[in-house]
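Inside the fold
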2 protein chains.
Amino acid sequence: MAIYLNDRFLKNDEALLHVSDLSMQRGFAVFDFFRTENGIPLFIADHLDRFYTSAAAMHLHIKQNKPELTNIILELIEKSGMARAGIRVMLTGGYSADSYLPAAPNLLITCNPLNVLTDNDFEKGISVISYEHQREMPHIKSINYQMAVWLQPFLKEKKADDVLYFKNNIITEFPRSNVFIVTNENKLATPGRHILQGITRKNVLSLAKETMQVEECDITTEDLVNAKEIFLTSTTKKILPVLKVNEKIIGDGKPGKTTISLYQKFLELEESLAHLVNL
Amino acid sequence: MAIYLNDRFLKNDEALLHVSDLSMQRGFAVFDFFRTENGIPLFIADHLDRFYTSAAAMHLHIKQNKPELTNIILELIEKSGMARAGIRVMLTGGYSADSYLPAAPNLLITCNPLNVLTDNDFEKGISVISYEHQREMPHIKSINYQMAVWLQPFLKEKKADDVLYFKNNIITEFPRSNVFIVTNENKLATPGRHILQGITRKNVLSLAKETMQVEECDITTEDLVNAKEIFLTSTTKKILPVLKVNEKIIGDGKPGKTTISLYQKFLELEESLAHLVNL
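Report on the accompanying structure. As the structure is a computational prediction, the values presented were derived from the model and not from experiment.

1. Observations concerning the relation of the copies chain A and chain B
The two copies are related by a screw motion: chain A maps onto chain B through a turn of 180° and a shift of 0.0 Å along the axis, at an RMSD of 0.0 Å. Taken together, these values place the two copies in the relation of a two-fold axis. Judged by C-alpha distance, A:Gly27 is the residue of chain A that lies nearest the rotation axis, at 2.5 Å. With an isologous cut-off of 70% or more, the 100% of interface residues of chain A that recur at the interface of chain B puts this contact in the isologous class.

2. Comments concerning the sheet that holds strand E1 (residues 2–5) of chain A
All names here are of chain A. Taken in spatial order, the six strands line up as E2-E1-E7-E6-E4-E5 in an open sheet, and their pairing is antiparallel. The sheet terminates laterally at strand E2 (8–11) and strand E5 (40–41), the two strands that pair on one side only. Note: E1 against E2, four bridges, orientation antiparallel. Across the sheet, leucine 5 pairs through a bridge with arginine 8, a residue of E2. Along the sheet, helix H3 (residues 66–80) makes contact with E1, E2, strand E4 (29–37), E5, strand E6 (85–92) and strand E7 (107–113), crossing E7 at roughly 35°.

3. Overview of the side chain of A:Lys238
Along the chain, A:Lys238 turns up in strand E16 (residues 238–245). Contact partners of A:Lys238, with chain neighbours within four places excluded, come to A:Arg35, A:Leu117, A:Thr200, A:Leu232, A:Thr233, A:Phe266, A:Leu267 and A:Glu270.

4. With respect to the packing of aromatic side chains
Applying the stated rule across the entire model yields 14 aromatic pairs over all chains. Their ring planes at 85° and their centres at 6.2 Å tell us that B:Phe51 and B:Tyr52 sit as a pair that is edge-to-face. Both residues of the pair, B:Phe51 and B:Tyr52, count as buried. Above the plane of the ring of A:Phe31 lies A:Arg88, whose end atom (NZ or CZ) is 4.6 Å from the centre.

5. Observations regarding the interface of chain A and chain B
The partner chain B presents 42 residues to the 42 residues of chain A that form the contact. For the pair chain A and chain B, the two sides together bury roughly 4,000 Å², of which 58% comes from carbon and sulfur. Our enumeration of links across chain A and chain B arrives at zero salt bridges. Our count for the contact surface shared by chain A and chain B stands at 19 residue pairs in polar contact (both at pLDDT 80 or more). Of the residues that constitute the side of chain A that touches chain B, the class distribution is 24 nonpolar, 12 polar and six charged.

Cut-offs and rules
Residues numbered from 1 in each chain as written. Chains lettered and ligands numbered in written order. Predicted model: local features only at pLDDT ≥ 70, side-chain atom pairs only at ≥ 80, totals over all residues. Heavy atoms only, no water. Least-squares fit on C-alpha atoms with pLDDT ≥ 70 in both. Contact = heavy atoms within 4.5 Å. Pairing = 2+ DSSP bridges. Helix = DSSP H or I, 4+ residues; strand = E, 2+ residues; numbered from the N terminus. Axes fitted to C-alpha atoms, helices over the stretch in contact; angles between N-to-C directions. Phe/Tyr/Trp six-rings, centres within 6.5 Å; stacked < 30°, edge-to-face > 60°. Buried < 20%, exposed > 50% of the residue type's maximum accessible area, 1.4 Å probe, protein only. Lys NZ or Arg CZ within 6 Å of the ring centre and 35° of its normal. Buried area = accessible area lost by both parts, 1.4 Å probe. Salt bridge = Lys/Arg side-chain N within 4 Å of Asp/Glu carboxyl O. Polar contact = N/O pair within 3.5 Å; in protein donor to acceptor, adjacent residues only side chain to side chain. Nonpolar A, V, L, I, M, F, W, Y, C, P; charged D, E, K, R; others polar.

Written out as structure tokens, the structure is:
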């Protein structure tokens, strides 16, 4: 397995940073994450756009331009020999002299095996709970998931698969996924602000617009539990039905028509991009 | 220079963690920081109490008990050969298999040269600006200083030395320091909630109580700018007068009587603990 650190390819066990790096001193780093299928990085242009946007928003400069970074990633994928992988591109605040002010950023790219969800996972769907919290700077993909990791024992206790954040009665997002609802009027709705703009979210919005009314708007916790269908979107989970919220069953407790249709369309989009061959 | 990682002493350049550590994956780590004078760690019991409290609040277990950890720190100080140093004790979420769920924590202790502020810095005081923000889980000393580091270019632009957070018109703390005001009635007041309980703060409260009325209470931004004196407290800055807030001069723009008196008492306390010898 290979990694890339600043300006060279190294072995996976060399993906080390000194503790003086601002990621460890002050949680100061941004990243992005995407998948490969058939060795092809899916939606890489969108992910790199967001990576550069996150870096700029944190006042961090990426030495490589987008074509250069893309080539490095393609070379890394080839070196890895993996057909399906998760690529994580991280840019940190660097080795800070005073443990506070950013220095020359460290760029670290890793390529790891990835379990993706199956049709079976889709059928089973997930059960979630809601929790009042607003992420700091949600539009930036930073490494701050403190609250999400902290909530894990609470999720286990509640036998829930994930947690949906809300603030002042308005839902926003899951720690690593966006949320969508299908209303009783068959409109597709998703929060439009105080969130990270997901790449799968963007694709789903675009696919849905072909056949139905779509809205980016504030959604209350009441709208949520009264929805006909709920699902989440993310790079690893693609589209996943949410069948229970705070123990309340949504719809008839099975993946809904709209969710199934969008899931199939999204899989087709991915297949067309990855030129997947049936073996 | 020496460091301690999990169960052994290593050289400083070996203070490395693999990127799979949750500190770099999810900003999930706690720490504490204290100074040595004459090779003696100041207020170490208080700092370790807080370190164990932070770890427990984040559901992280420290393998060593307090006496064991204290001995490791004392040995590290001795190995470093430094009379004056900053000791940073960090506990991370460990090398996570799925980049999300905590694993066996990594314990990393570093000992570095430290510049402490002088009487001259005290005389000059600092100029600060206020900024609306509430830290997540402020009572836990986690590595999340994203907002503070992000604000650095803004501070530079405003020619300010530090930023004081407030929320809904109530001031809370600086990113790395607590705030105190002396009211026109000669009462000492400091925020009592939504803050990290500083060790210097605790000592200053205790010293002040001997001679004046002291209150832990909500303080508005109006109370702040109308205060007779303002100062901050921190491990590295000890007590530092705040002489300007958002360009408004506080008092007569010089360190006030109460601030000076508490500063002297605090230095005496430190000296008595460190058995400082005049060379």
